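Fold and geometry: a report
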Amino acid sequence: MKNETVIFICSFNSVRSPMAEGFLRHRDVCRHYTVCSAGIAPVRVRPGAAAVMQEMKIDISGHVPASLYQYRNEHFDYVITLCNNVRATTEEVLTGGDRFIHRDFASPAEIGKTQGEILEEYRRLRDEIGLWVDELFPAVASAPGKNNGEINAGPAISTGHA
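Calculation criteria
- Along each chain, numbering runs from 1 in the same order as the chain's sequence is written.
- The model is predicted, so local features are restricted to residues of pLDDT at least 70 and side-chain atom pairs to those at 80 or more, both for listing and for counting; the totals for chains, interfaces and linings are taken over all residues.
- The basis for every side-chain value is the complete set of heavy atoms in the structure, and neither hydrogens nor water enter the calculation.
- The predictor rates its confidence in each residue with pLDDT, a number between 0 and 100.
- In this analysis, two residues are considered to be in contact whenever any of their non-hydrogen atoms come within 4.5 Å of each other.
- Per-residue accessibility, obtained with a 1.4 Å probe over protein chains only, is compared with the maximum for each type, and a residue is labelled buried under 20%, exposed over 50%, and partly exposed between these values.
- For helices the rule is a DSSP run of H or I covering at least 4 residues; for strands it is a run of E covering at least 2, with both sets numbered from the N terminus onward.
- Lines are fitted to the C-alpha atoms to define the axes, a helix being fitted only along its stretch in contact, and any angle between axes, read from their N-to-C directions, falls within 0 to 180 degrees.
- Note that the term roughly parallel is reserved for angles under 35 degrees, roughly antiparallel for angles over 145, roughly perpendicular for angles of 65 to 115, and oblique for everything else.
- We call a crossing left-handed when the near helix sits turned anticlockwise from the far one by less than a right angle, and right-handed when that turn is clockwise.
- Only Asp, Glu, Lys and Arg are considered charged in this grouping, and only Ala, Val, Leu, Ile, Met, Phe, Trp, Tyr, Cys and Pro are considered nonpolar; every other residue, Gly among them, is considered polar.
- Two strands qualify as a pair provided DSSP detects at least 2 bridges between them.
- For Phe, Tyr and Trp, rings pair up if their centres lie within 6.5 Å, where Trp contributes its six-membered ring, and each pair is then called stacked (planes under 30 degrees apart), edge-to-face (over 60) or tilted (otherwise).
- The rule is short: NZ of Lys or CZ of Arg within 6 Å of the ring centre and within 35 degrees of the ring normal puts a charge over the ring.
- Helix span, expected: 1.5 Å multiplied by one less than the number of residues in the helix.

**Looking at the confidence of the model for the protein chain**
Residues shown with low pLDDT carry predicted positions that ought not to be read at fine detail. Averaged over all residues, the pLDDT of the protein chain is 87; the fraction at 70 or higher stands at 85%. Every residue in residues 145-162 scores below 50 in pLDDT, and together they form 30 contacts with partners more than four places removed in sequence or on other chains.

**A few points about helix α2 (residues 47-54)**
Gly 48, Ala 49, Ala 50, Val 52 and Met 53 are the residues of α2 that are buried. Elements in contact with the buried residues of α2: α1 (16-27) and α4 (115-136).

**Thoughts on the packing of α2 against α4**
Taken N-terminus to C-terminus, the directions of α2 and α4 make an angle of 60°; their axes are 9 Å apart at the nearest point. One finds that α2 runs oblique with respect to α4. Taken as a pair, α2 and α4 cross one another with a handedness that is right-handed. Between α2 and α4, the residues in contact are Gly 48, Ala 49, Ala 51, Val 52 and Met 53 and Leu 119, Tyr 122, Arg 123 and Arg 126, respectively. Class assignment for the residues of the contact of α2 with α4 results in six nonpolar, one polar and two charged.

**Let's talk about the sheet that holds strand β3 (residues 78-81)**
Reading across from one edge, β2-β1-β3-β4 is the order of the four strands in this open sheet, with parallel pairing throughout. Where the open sheet ends on each side, the last strands, each with one partner, are β2 (33-39) and β4 (99-102). Adjacent strand axes in the sheet meet at a mean angle of 20°, parallel and antiparallel pairs treated alike. Here β3 runs beside β4; their pairing, made up of four bridges, is parallel. Bridging across to β4, Thr 81 finds its partner in His 102. Against the sheet, α4 engages β1 (4-10), β3 and β4, with an angle of about 150° to β4.

**Some points on the packing of aromatic side chains**
Here the structure, examined in full by the defined rule, presents five aromatic pairs. With 6.3 Å between their ring centres and 70° between their planes, Tyr 33 and Tyr 78 make a pair best called edge-to-face. One end of the pair, Tyr 33, is in strand β2; the other, Tyr 78, is in strand β3, and 45 residues separate them in sequence. Here the two residues Tyr 33 and Tyr 78 agree in accessibility, since each one is buried. Look at Phe 105 and Trp 132: their rings are 5.4 Å apart centre to centre, the planes differ by 65°, and that puts the pair in the edge-to-face class. Residue Phe 105 is found in the loop between β4 and α4, and its partner Trp 132 is found in helix α4; the two are separated by 27 residues along the sequence. Taken as a pair, Phe 105 and Trp 132 share a single burial class, namely buried. In this structure, Arg 99 packs its charged tip against the face of Tyr 78, placed 4.4 Å from the ring centre.

**Concerning α1**
In a regular helix each residue adds 1.5 Å, so 12 residues correspond to 16 Å; α1 covers 17 Å between its end C-alpha atoms and thus fits that length. Among the 12 residues that make up α1, 10 are buried, leaving the element largely enclosed by the rest of the structure. Among all positions in α1, only Arg 16, Ser 17, Pro 18, Met 19, Ala 20, Glu 21, Gly 22, Phe 23, Leu 24 and Arg 27 are buried.

Structural data, given as structure tokens:
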């Protein structure tokens with residue numbers, strides 16, 4: 001059986017989408033998905049994002065930023081946007097996606113804050129994204145070893161544009 005393909009997209013591929021990709025890769029113990037992430041204007045992963053993911057034993061520090069446009073001719077089973085400003089562009093570029101899913105997550109503000117305050121914002125975002133990934137892919141969240149070996153299919157994800 002072919003793995004389903006998933007792409008997570010945010011503005012810079014430096015915080016939200018690498019976190020989501022990291023969670024799904026880490027939790028997909030049965031390897032049901034081929035996962036990647038991209039941004040419209042990709043830059044390196046933010047140190048705060050890498051640090052708080054490492055607290056969960058998920059290493060995204062070596063993530064290589066990718067451009068949404070490099071995937072324009074590829075098909076994805078799940079096209080998932082994580083911020084409002086990339087939604088329309090993503091739907092124009094990745095026209096062959098089966099399921100378009102969207103949720104706006106605010107990226108942590110770093111200006112005028114202490115390092116501790118910044119890390120708390122990254123932790124909040126990490127936890128929100130982690131819970132949401134579990135909701136989107138419940139069979140992964142309940143894979144063997146997490147629920148006495150039973151896989152919970154959970155509610156179906158709506159298809160079409162969100």
